[in-house]
Amino acid sequence: MTKPRVGFIGLSHLGICSLLSVASKNFKVCGLDDDLNKINLLKKRKTNIEEKNLDEYLKKYFQNITFTTNYNNLSNCNIVYLSQDINTDNFGNSNLIKVTKYINKAIKFLDKDALLVIMCQVPPGFTKKIKWPRNQLFYQVETLIFGKAIERAQYPERIIVGTYEAKQKINSLYKKYLNKFNCPILKMKFEEAELSKMFINAYLVNDVILTNLLSSITKKLNLDWSRSSNALKLDKRIGKFSYLNPGLGISGGNLERDIYNLSKISKNLKIDDTLFQIFIKQSQKRKKWLVDNINILKRLNIIKRYSKIGIIGITYKQNTNSVKNSPSILIFNNLKNNKKLCYDKNLYNQKLKFNNMQWCKIDKIYSAVDILFIMHNDKILNRIKLGKNVKAIFDPYSFIKSKNIRKEIRYFNL
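Cut-off values and rules
- Here the residue numbering is sequential within each chain, running from 1 through the sequence in written order.
- This being a predicted model, a pLDDT of at least 70 is required before a residue's local features are given, and a value of 80 or more before pairs of side-chain atoms are given or counted; all residues contribute to the totals for chains, interfaces and linings.
- For the side-chain quantities, the full set of heavy atoms in the structure was used; hydrogens and water were omitted.
- A run of H or I in DSSP counts as a helix once it spans at least four residues, and a run of E counts as a strand once it spans at least two, with each numbered from the N terminus.
- Multiply 1.5 Å by the residue count of a helix minus one, and that product is the helix's expected span.
- The buried label applies to any residue whose accessible area, calculated with a 1.4 Å probe on protein chains only, is under 20% of its type's maximum; exposed applies above 50%, and partly exposed to all values in between.
- The contact criterion used is simple: two residues touch if any of their non-hydrogen atoms lie within 4.5 Å.
- We define a salt bridge as a contact between a side-chain nitrogen of Lys or Arg and a carboxyl oxygen of Asp or Glu at a distance within 4 Å.
- For two strands to count as paired, DSSP must find a minimum of two bridges between them.
- Each axis is a line fitted through C-alpha atoms, taken for helices only over the stretch in contact, and angles between the N-to-C directions span 0 to 180 degrees.

Draft legend 1. Focus on helix α9 (residues 254–268). Between the first and last C-alpha of α9 there are 21 Å, a value that for 15 residues agrees with the 21 Å anticipated at 1.5 Å per step. Those residues of α9 not exposed but buried are Leu255, Glu256, Arg257, Asp258, Ile259, Tyr260, Asn261, Leu262, Ser263 and Ser266. Turning to α9, the residues buried within the fold contact β5 (87–88), β6 (94–95), α7 (190–220) and α10 (274–299). One or two residues past the end of α9 sits Lys270, with phi positive at roughly 60°.

If you want it as structure tokens, here you go:
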């Protein structure tokens, strides 16, 4: 049997990273998106998505890829993935309009024997409603991480596949294709697979929230959380890959989306959703850390109307270009009238504009500002001397070494 041709509909972060991982395994792939500008950029072997190794993979495996806006090209594909990331609002509610349009349009062009695989983050029951033959329709759980997406797409720990019925066998062509990823394949019903994605994120949120709570205890007692976290990482029941670094709540959209959805599902099933509400409230409380401390400095007249603000890191975390629910947005919202000097290596060339902001290099920010927010790490942070005007530093993740901070500077970390 010849290798199948694989199609991807929707070239967001999920789609392009998944497509490149398949192309790297020497499959012929077709990437479709309705955005002509995005397709034209990809044809030039470029992308506006910030992801480690993405551009290198795009150039290296370009000969295996066809990029198009023409749905007719899908007719040559044996396996077609719906791979468009789901947009969410600030409350974690999913907008399914775009993916629904993609599905309704694409199925008119698919070969009658083609396999349709839903990969995006849809609520339970969504896949089962799609009008495509039951034995040719699947749901596949993705567990990509910004900054490690290509690696995780290429070498997944396991592949979770949802089918219409638990007893339904996975199509032989699809099974042989999945075997190329050399990992366990777990089969379950559509709804079980859709929920598994949410359950995975719920466990990750639990790590984030619990870490923040426990690190707060050590902070109050003037103890060092890093020593305790190192001990936890060596416990095999917890592990070195757990989310054990204190942070500013959950951001980015995906984790929030699934916690809100699990809360809604629980309510609909008349199950107590208190735990999910605790996750939401604790995340919101942690995000207030920035605002609460900004307000303290305002009351002390340390942050004044004319104070220059420096912000290093705008995206919600490093190695992504997403500002979805980013803690840095809170800084903009609470210091609207102050001039802000900003740096973010992932957004610097895009020149995004927020209120009263100016893009600068890190060294200029260090020398020119009164209040400094360090939201991302950078190898040069501890090599630059702080300017004489710096009165306060917000360093939630403790990126700056204490020896580099003058005694008169007010210093805030988690």
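On we go.
Draft legend 2. View of the pattern of salt bridges. Per the counting criterion, the structure on display carries 12 salt bridges. A salt bridge links Glu191 to Lys128; its shortest N-O distance comes to 3.2 Å. With Glu191 in helix α7 and Lys128 in the loop between β7 (115–118) and β8 (137–140), this residue pair connects regions lying 63 residues apart in the sequence. On the basis of relative accessible area, Glu191 is assigned to the partly exposed category, the value being 22%. Across the pair Glu408 and Arg406 runs a salt bridge, and its minimum N-O distance is 2.8 Å. One salt-bridge network, in which partners are shared between bridges, spans Arg152, Glu157 and Arg158.

Draft legend 3. A look at the pairing of strand β2 (residues 29–32). The two faces of β2 match: Val29 and Gly31 on one face and Cys30 and Leu32 on the other face are all buried. As judged from the 4 bridges shared by strand β1 (residues 6–9) and β2, these two strands associate in the parallel manner. For Val6, the partnering residue across the bridge sits in β2 and is Val29. Here β2 runs beside strand β3 (residues 65–68); their pairing, made up of 4 bridges, is parallel. Each bridged residue has a counterpart across the sheet, and for Leu32 the counterpart in β3 is Thr68.

Draft legend 4. Summary view of the sheet that holds strand β10 (residues 185–189). Taking strand neighbours across the sheet as the criterion, the 8 strands line up as β3-β2-β1-β4-β7-β8-β9-β10 in an open arrangement whose pairing is mixed. Both edges of this open sheet fall to β3 and β10, since each of them pairs with a single strand only. Shown here is a sheet whose adjacent strand axes are inclined to one another by a mean of 25°, direction ignored.

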